[in-house]
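# Structural features, examined
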2 protein chains.
Amino acid sequence: MKEGIAYSKLGLCAREGESVITRLMADKLSHPEMLSLAAGFTDNLVLPEDLVLKASVRLGESGHKTHLQYGMNRGHPELRKWIVELLRSYPGEGHLDLNPEQVIVTNGSQQGLYILVQMLCDPGDIVLVESPSYFVFLELLKGLGVRAVSMPCDDSGRIDIEGTEALLESLRDNGELDAVRMVYLMGAFANPSTLCLDEPTKTGLARLLRSLQRPVPVVEDMAYRELYFEQPFPARSILALEEWGDHPVIYAGTFTKPFATGLKIGFMVSRDTECLDTVAKIKGHQDFGSANYTQSIIASLIPTREYKEHLIRVRAHYRDKRNVLEEGLVRHGLREAGWKWEQPQGGLLLWARGPAGTDTRMGSPFHRLCVEKEIMYVPGDLCFAEEKPWNCVRLSFGALERSLIPEAARRFCEAALDAGP
Amino acid sequence: MKEGIAYSKLGLCAREGESVITRLMADKLSHPEMLSLAAGFTDNLVLPEDLVLKASVRLGESGHKTHLQYGMNRGHPELRKWIVELLRSYPGEGHLDLNPEQVIVTNGSQQGLYILVQMLCDPGDIVLVESPSYFVFLELLKGLGVRAVSMPCDDSGRIDIEGTEALLESLRDNGELDAVRMVYLMGAFANPSTLCLDEPTKTGLARLLRSLQRPVPVVEDMAYRELYFEQPFPARSILALEEWGDHPVIYAGTFTKPFATGLKIGFMVSRDTECLDTVAKIKGHQDFGSANYTQSIIASLIPTREYKEHLIRVRAHYRDKRNVLEEGLVRHGLREAGWKWEQPQGGLLLWARGPAGTDTRMGSPFHRLCVEKEIMYVPGDLCFAEEKPWNCVRLSFGALERSLIPEAARRFCEAALDAGP
């Protein structure tokens, strides 16, 4: 008999993995009336149609055509300059000592994260993550055969530094400390916990990691940083905290969430030259540069008043949608049923924990009831490296139309009350 | 002493590799008057500024905003539909039995090639390539720790099927046949040889590869297919040749070269569902979809008359520039000096072989003389997996302004005559 194609280890790994997104989309397609609190999409209503159109026209009429030509592997020079300015614009970070050579533009922040993991981890190696963590990142790790190990966190998702120290000790005892190659943090309005990392946690982590013999690079993913509701979160980024010294820290940011997901432009920033040069080489192999056109559009908009006004508008928009979702959940009795959540102060998500015994996993009675009632959520267990607890859900108020959120909240609460813990 | 960051095998591989592009760009930057026949860029003059502007305006005024939103991981559905139509539009391929589910849109064709190699090859595995082959692909392989092995080819770059059979036999004898995981071909106006694969070669290869116990997937890179000068090359693509049967064949195409490099949209097509599903999963980990905006622009343009007119215009433009370059080389005595080349019938390149003894490698007297005379080329040895012969050069008439090509030709010939073989 003829044999099949011989796949690489990575190919086999990818074949075995199931994609949550694919599964959620299949659910949605087979139930067209489904209301989705699952999708992490932004709201079409506040996508910056006018701004992109204006920028496209300005570029089209500029007389030069460099935006339609190949650009630099590391990214559009103007854009990288503005990214440095952007990073300096946050509270307490005005004196950030950075230059555009320390920025690499990527296809969304996802490509940046992928390259970092490729660069640092062989199959079987370990990345330390928060508990819960971003489930698409956890899938990325699986796809590369890399193990995610959770740092101990409290119920709200805050990292327990002493617990993490104990974790590292036990890894050392097992001879696995050398396998720890990277730490992945979500700094602001984390997906899914919506928590912001405070400075004491970051500096505690700095002390802990700097005490190790080998520097384990730390990545702070700030995808939601711009989407604050009341005020910028006051904690400075790891780039700005002196306690990290010359430890290799990498900042990952994006223009997808705050501006337009369809332009697919993210970036990473680091002062570690060797590390960034290596990222650039891998990026060179993958695509030798992101689309110059979408980069040019963003570069031309960042310094404008309209861009700032756009951000103000989207913040207000998502704050309002958060309120609508929260009011709906309260009105329909979710709190009385024993569910808990912290009010999100930014981002597109609400992270809720059901009472003990609740099981929200895919295929659970709870999940089947939701599919029946045509309401979608992301089962919380998918956001944990160790696949528990099972009582959490990630609800998104990003993509669903504002007018449909009350009905979505009603359906979800009904299912939660019917399924019970 | 404190240790450095622990890199993965891939990270170390990337750190060690030198990028030719980087080196060429450094040469250019330190000699601003340098005329470049090295860059594989397209000509700014024929970049479709008007078309992209029109499409952007049409999208901006459409009232829907899906082009600014996340799209599907496999790519924009309309675009994939038009790609199928495009493939059916080539001579003799009207009945190609394909559907949009067999297309995946990528960040240039480069990302598609990268994912295929990741999926099929572990470090140390072998990809069979033409001799010469595309040097950026050879670098990609090095970056993933994969070995390129040349199929025997004649002087013009045509694959010797019997020689390839003997190569496979000797790999079998060495116990390395199982390490052969992929075959990479450039089907039309190959980079750098400008050769087109004829049907007898493709079907000969089909017979040979189908006789193996394990199917080794074959990738036909058709990046330059649209850039023909007189008429479409008559050989059908591997997708259309019955001789391949159900052998896993993958077609890689792009809109960068014929349309706009700055939009960075390529694609791959295959009927092998398992293979394509696995590519999609890896793409999902890398970026979960290329920029929807640039895809929407192209999708809206392909079916228009203007798009076809654009292609006619660029073909004429590059044919003319080929003529100017060739005339310059002849006028300044390159043929008399013993150099040989075949007239390119498409693409952006001219592949020339110096007389025996010529050494065009980087750092050679020939190369230094060119840098001195401020003229750049790609040393031909970089285009061979085994790094020889040394007597070839790749000259591009793509990016350099038409009016500067005669002077560039003059400088190159002067260097060639001065350096001698």
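Attention now goes to the domain arrangement of chain A. Residue and element names in this part refer to chain A. Each assigned domain of chain A is listed here: domain 1 (9–47 + 309–419) and domain 2 (49–306). Each of domain 1 and domain 2 has a C-alpha centre, and these two points are 25 Å apart. Counting from both sides, the interface comprises 35 residues of domain 1 and, opposite them, 37 residues of domain 2. The leading source of residues in the side of domain 1 that touches domain 2 is helix α11 (residues 305–331), at eight residues.

The two copies are related by a screw operation: chain B maps onto chain A through 180° of rotation and 0.0 Å of translation along the axis, at an RMSD of 0.0 Å. Considering both components of the superposition, the chain copies are consistent with a two-fold axis. Identified as the residue of chain B closest to the rotation axis by C-alpha distance is serine 56 of chain B, at 3.2 Å. Most of the interface of chain B is mirrored in chain A, where 100% of its interface residues again form contacts.

This part covers the nonpolar core. Membership of the largest hydrophobic core comes to 265 residues, with the highest contact counts inside it found for Val117 and Val127 of chain A together with Val117 and Val127 of chain B. Leaving out residues up to four positions away in the same chain, valine 127 of chain B has contacts with Val117, Cys121, Leu141, Val146, Ala148, Arg181, Met182 and Tyr184 of chain B.

This brings us to the sheet that holds strand β9 (residues 340–341) of chain B. Residues and elements named next belong to chain B. What the four strands build is an open sheet, ordered β9-β10-β13-β12; its pairing is antiparallel. In this open sheet, the two edge strands, each paired with only one partner strand, are β9 and β12 (378–379). By the bridge criterion, two bridges tie β9 to strand β10 (residues 349–353) in an arrangement that is antiparallel. Across the sheet, lysine 340 pairs through a bridge with arginine 353, a residue of β10.

Attention shifts here to the sheet that holds strand β7 (residues 249–254) of chain A. All names here are of chain A. Taken in spatial order, the seven strands make up an open sheet running β2-β8-β7-β6-β5-β3-β4, and their pairing is mixed. Of all the strands in the sheet, just β2 (103–107) and β4 (147–150) have a single pairing partner and so form its edges. Averaged over neighbouring strand pairs, the angle between their axes works out to 25° when direction is ignored. In the sheet, strand β3 (residues 126–129) pairs with β4 via four bridges, with the strands oriented parallel. Bridge assignment links isoleucine 126 to a residue of β4, and that residue is arginine 147.

Here we come to the environment of isoleucine 104 of chain B. Looking at where isoleucine 104 of chain B falls in the secondary structure, it is placed in strand β2 (residues 103–107). C-alpha of isoleucine 104 of chain B to C-alpha of glycine 266 of chain B: the two residues are 162 residues apart in sequence and 8.7 Å apart in space.

Turning to unusual backbone geometry, a few remarks are in order. With an omega dihedral of 10°, the bond running from serine 131 of chain A to proline 132 of chain A counts as a cis peptide bond. Among the secondary structure elements, proline 132 of chain A is positioned in the loop between β3 and α6 (135–143). Phi at phenylalanine 189 of chain B is positive, roughly 50°, even though this residue is not glycine. By the element assignment, phenylalanine 189 of chain B lies in the loop between β5 (180–186) and α8 (199–210). Phi at threonine 194 of chain B takes a positive value of approximately 65°, unusual for a residue other than glycine. For threonine 194 of chain B, the location among the structural elements is in the loop between β5 and α8. A count of 25 C-beta atoms within 10 Å places threonine 194 of chain B in the buried class.

A separate point is the interface of chain B and chain A. The interface is formed by 65 residues belonging to chain B together with 65 residues belonging to chain A. For the side of chain B that touches chain A, the elements supplying multiple residues, two or more each, are α1 (9–16), α3 (49–60), α5 (108–120), α6 (135–143), α9 (273–286) and α10 (292–301) of chain B. Taken together, the residues of the side of chain B that touches chain A sort by class into 27 nonpolar, 26 polar and 12 charged.

About the thresholds
Per chain, residues are indexed from 1 in the order of the written sequence. A letter from A marks each chain and a number from 1 marks each ligand, given out in the order of writing. This being a predicted model, a pLDDT of at least 70 is required before a residue's local features are given, and a value of 80 or more before pairs of side-chain atoms are given or counted; all residues contribute to the totals for chains, interfaces and linings. What counts as a domain boundary in this text is fixed by an automatic or database domain assignment. Here, residue contact means that the backbone-derived C-beta atoms of the two residues sit within 7 Å. Only runs of H or I of at least four residues qualify as helices and only runs of E of at least two qualify as strands under DSSP, and these elements are numbered from the N terminus. Copy-to-copy superposition: least squares on the C-alpha atoms, limited to residues that have pLDDT of at least 70 in both copies. Here, a nonpolar core denotes buried Ala, Val, Leu, Ile, Met, Phe, Trp, Tyr and Cys residues that are linked to one another through C-beta atoms within 7 Å. Note on burial: count the other C-beta atoms lying within 10 Å of the residue's C-beta; 20 or more is buried, 12 or fewer is exposed, in between is partly exposed, and C-beta positions come from the backbone. For two strands to be treated as a pair, DSSP must find at least two bridges joining them. Helix axes are fitted to C-alpha atoms over the stretch in contact, other axes to C-alpha atoms as well, and angles between N-to-C directions run from 0 to 180 degrees. Under the scheme applied here, ten amino acids are nonpolar (Ala, Val, Leu, Ile, Met, Phe, Trp, Tyr, Cys and Pro), four are charged (Asp, Glu, Lys and Arg), and all others, including Gly, are polar.

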